[in-house]
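Examining the three-dimensional arrangement
Each chain, written out:
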Amino acid sequence: MRLVRLIANLGYGSRKEVAQMFRAGRVTDTDGEVLYADDQVEASSIRVDGAPLDPGSGLVLMLHKPVGYTCSHRDPGQLVYDLLPPRFARRRPPLSSIGRLDRDTSGLLLLTDDGALLHRLIAPVSCVSKVYVATLAQDLRGDEADLFASGRLLLEGEAKPLAPAMLEACGPRRVRITVTEGRYHQVRRMFAAVGNHVQALHREAVAGLSLGTLPPGAWRELEGGERALLGGNHQPGVTQAKTPG
Ligand code: URA
């Protein structure tokens, strides 16, 4: 790919603006030698204003989503994309969240510009495990773990029961719950179905990946081993895709 297009697709500017950056000598190699738009160099050797280029396409990020941010690209309030460098919003292909968290839910959100990965992970058959910690308004009744594990729980307005989910009580009003589906407001609706109310919800892990020490509002690129957890059919954390029938 020609350098102007490569750098423009990473959101550094329009092709015209990037061509101007070359003319201004802002694009160099690792030794500070000025590069020209028709040079043939590896992306890893390119510097813009002395800094390495952002990662190329195929990017996967983890973000510690704070409460109060929405996963939409367009919304009147604060967006998760506002937590990333502004030029990421101009990347082509665009970054999208892999599934969504509600505005009032915090925790691990994955984002990618890899359309195939995105569609594979959000497909209903993908069975990616997601672990949430919920704080409840009322004490547990005692039968929730069995009901959630039964594969018979129906959410209001739905005809298909939920796949079995695992509930671990961490206190009378605090639970850790592992689900493999991604239905709309799923965890909140599961507790509504048993007469309770989720007061706070935090996602700890997705597909075996966890936030570690990443603070709220911060993000980082996935490392190779972490990326491998999301790929292929036999990786821990991602159960093999089920084929209908
Ligand atoms: N379930 C919910 O209810 N909300 C989320 O954000 C994620 C799962």
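Basis of the calculations
- Residues numbered from 1 in each chain as written.
- Predicted model: local features only at pLDDT ≥ 70, side-chain atom pairs only at ≥ 80, totals over all residues.
- Heavy atoms only, no water.
- Helix = DSSP H or I, 4+ residues; strand = E, 2+ residues; numbered from the N terminus.
- pLDDT = per-residue confidence, 0-100.
- Contact = heavy atoms within 4.5 Å.
- Buried < 20%, exposed > 50% of the residue type's maximum accessible area, 1.4 Å probe, protein only.
- Pairing = 2+ DSSP bridges.
- Near = heavy atom within 4 Å.
- Polar contact = N/O pair within 3.5 Å; in protein donor to acceptor, adjacent residues only side chain to side chain.
- Areas by Shrake-Rupley, 256 points an atom, 1.4 Å probe, with all protein chains shown as cover.
- Nonpolar A, V, L, I, M, F, W, Y, C, P; charged D, E, K, R; others polar.
- Salt bridge = Lys/Arg side-chain N within 4 Å of Asp/Glu carboxyl O.

Across the junction of Arg92 and Pro93, the peptide omega takes the value 0 degrees, indicating a cis bond. Structurally, the position occupied by Pro93 is in the loop between β6 (78-79) and β7 (96-97). In this structure, Ala207 takes a positive phi of about 50 degrees despite not being glycine. Its place among the elements puts Ala207 in the loop between β12 (198-206) and β13 (209-210).

Another point: the confidence of the model for the protein. On average, the protein scores 93 in pLDDT, and the residues at 70 or more come to 94%. Within the model, the stretch residues 232-245 combines pLDDT values under 50 with 24 contacts to residues more than four positions away or in other chains.

As for its placement among the helices and strands, Thr70 is situated in strand β5 (residues 69-70). With near-sequence residues (within four places) excluded, Thr70 lies in contact with Asp75, Gln78, Leu79, Val80 and Arg103.

Quick look at the pairing of strand β9 (residues 130-136) now. For β9, the buried fraction is high: six of the seven residues fall into the buried class. By the bridge criterion, six bridges tie β9 to strand β11 (residues 174-179) in an arrangement that is antiparallel. Bridge pairing in β11 places Val133 opposite Arg176. In this structure, β9 lies alongside β12, joined through seven bridges in antiparallel fashion. Its bridge partner lying in β12, Ala134 is registered against Leu201.

Moving on, we come to the site of the ligand. Residues in contact with the ligand, as listed here, are Leu101, Asp102, Thr105, Tyr132, His185, Gln186, Val187, Arg188 and Leu201. A distance of 3.0 Å is found between a nitrogen atom of the ligand and a backbone nitrogen or oxygen belonging to Val187. In isolation the ligand exposes 240 Å². Once the protein is present, 95% of that is buried. Ranked by residue count, the leading element in the shell around the ligand is helix α5 (residues 186-193), at three residues. Of the residues belonging to the shell around the ligand, the class tally is four nonpolar, three polar and two charged.

Relative to the assigned elements, Val133 resides in strand β9. Judged by its relative accessible area of 7%, Val133 is buried. A C-alpha to C-alpha distance of 17 Å links Val133 and Tyr184, two positions 51 residues apart in sequence.

We now examine the pattern of salt bridges. What the rule picks out here adds up to 13 salt bridges. For Arg183, the salt bridge goes to Glu158, with nearest N and O atoms at 2.3 Å. Of this pair, Arg183 sits in the loop between β11 and α5 while Glu158 sits in the loop between α4 (144-149) and β10 (166-171), placing them 25 residues apart in sequence. Between Arg176 and Glu204 there is a salt bridge, and its shortest N-O distance comes to 2.9 Å. Placement of the pair is Arg176 in strand β11 and Glu204 in strand β12, with a sequence separation of 28 residues. The exposure class of Glu204 is partly exposed, given its relative accessible area of 28%. What emerges from the salt-bridge pattern is a single network uniting Glu158, Glu181, Arg183 and Arg189.

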